[in-house]
Structure formats: structure tokens, C-alpha cells
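Chain residues, written in single-letter form:
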Amino acid sequence: GFSHYAIQLMVPVSLVSGLFYHSEFRPGRYIALLFRGRPAVIMGILFLGIVLGVNIHSHIVKPDYPREIAEYLDDRTTDQETIYTGNYRQVIYYLLEKSSPTKFVHLTILSTGLVAAFRVNTLQEIRRILGKRPKYIIIERDYPLLEKEMRSHYRQERTFKNNRIRLYRRIDNAGVRQEQ
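What counts and what doesn't
- Residues numbered from 1 in each chain as written.
- Predicted model: local features only at pLDDT ≥ 70, side-chain atom pairs only at ≥ 80, totals over all residues.
- Heavy atoms only, no water.
- Helix = DSSP H or I, 4+ residues; strand = E, 2+ residues; numbered from the N terminus.
- Buried < 20%, exposed > 50% of the residue type's maximum accessible area, 1.4 Å probe, protein only.
- Contact = heavy atoms within 4.5 Å.
- Pairing = 2+ DSSP bridges.
- Salt bridge = Lys/Arg side-chain N within 4 Å of Asp/Glu carboxyl O.

**A few points about the environment of Leu167**
Right, so step 1: The topology assignment puts Leu167 in strand β4 (residues 165–170).
Right, so step 2: With a relative accessible area of 0%, Leu167 lands in the buried category.
Right, so step 3: Put simply, Leu167 and Thr112 are 55 residues apart on the chain and 20 Å apart in space, counted from C-alpha to C-alpha.
Right, so step 4: Ignoring sequence-local partners within four residues, the contact set of Leu167 consists of Tyr72, Leu73, Tyr136, Ile137, Ile138, Arg155, Gln156, Glu157, Arg158 and Phe160.

Next up, the structure:
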């Protein structure tokens, strides 16, 4: 998601929040009921509970799919073999200590409308990536242009996250899987 953009709001929200404790601050009658005494404590505890609950769910309970995929690939690739994360998370390169086969690492550059802003010929770049013969390609949801170009050289090997993340492995031209 894009929740990391909320960090820009921390300074202004902190400053505005501080006004509630300023000696000159005179809240209206109903606001004063919410932000003073027992209601303020209850609201604070509820707010902290919600924040903690969301964080526990997203960081502890929810599966770490990038790590799971990286562990799967680590057992099946050598240091010299290339992978391409397609429109999936580029953290896979870090977890596997591999370089991206393209300088356009961020998943949105080649797979969304951002391509116009970077003046990239998407088809040409995808063909250049495929020319490096990555052993595995990862696709989340749909990536029609890449899927069309790789169709005859890759077969789906595994899925993750209820089939939303698909892992494709390169096959040779005769349709026989390449050995590791």
C-alpha cells in the first residue's frame, strides 16, 4: 500500500495535537468533553489498541509472501542465474542478493501508465529483459504485455497468495525444463 506517505503528515498533526495541551487553548463544550478527563483516556486507549491491532496483524499474523517466495527461489537458483520480479515487489532482489535485469526496478514503471513519464518503450524493454533469460519471473495479478511475450518460453511453476502471485520458470525451446 501507500501508507508510508502518511509520514509526511506526522509533523503537522503533532503540532496541531499539541494545541490541545496549550494553556491558551479553549475548546468548545463538546470538544472539551472528549479531550479532557476520563473520555480522553478511554479514547486514547482505544486509539492505541486499534493501531497496535492493525500493526500486529500486518506484521506478525499476515504471511510474509516476499520472504516465502525468496526462500523458494533461493533453493532453486544459483548466484549466476537471473530472476525478474515483473510487477511484484522488488525486495525479492535484496532478499536473494541478486541484481535486477533492468534499470527500471520499481514495479509500476513498466506495468502502468508511468511508462510515458519515463519515455520507455515498454515492449523493447521487456524483450531486452527476456533476452537475459531470467530463470524465474514473478507476476502479481495481470501483466498482459509481459505474459504475451514470455508465453512460449515460460511455464507457471507455483502460485502464492491464493493464486494472485504466479511464479513462472523458463523452459527450453523444446518444452523440456532446463536443469538447475
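**What to know about the pairing of strand β2 (residues 136–140)**
Right, so step 1: Across the five residues that make up β2, a large majority, five, are buried.
Right, so step 2: Side-chain alternation along β2 places Tyr136, Ile138 and Glu140 on one buried face and Ile137 and Ile139 on a second face that is also buried.
Right, so step 3: Looking at chain direction, strand β1 (residues 83–84) and β2 are connected through two bridges and run parallel. Following the sheet pairing, Tyr84 is matched in β2 by Ile137.

**Points about the pattern of salt bridges**
Right, so step 1: Counted by the stated rule, this structure contains nine salt bridges.
Right, so step 2: Residue Arg127 is joined to Glu149 by a salt bridge in which the shortest nitrogen-to-oxygen separation is 3.0 Å. Remark: Glu149 occurs in helix α9 (residues 144–150) and Arg127 occurs in helix α8 (residues 122–131); sequence separation between them is 22 residues.
Right, so step 3: Among the ionic pairs, Glu157 bridges to Arg169, the shortest N-O distance being 3.7 Å. A residue pair is termed long-range when its members are at least 10 positions apart, and Glu157 in strand β3 (residues 154–160) and Arg169 in strand β4 qualify at 12 residues.
Right, so step 4: One network of salt bridges, in which partners are shared, links Glu140, Arg141 and Arg164.

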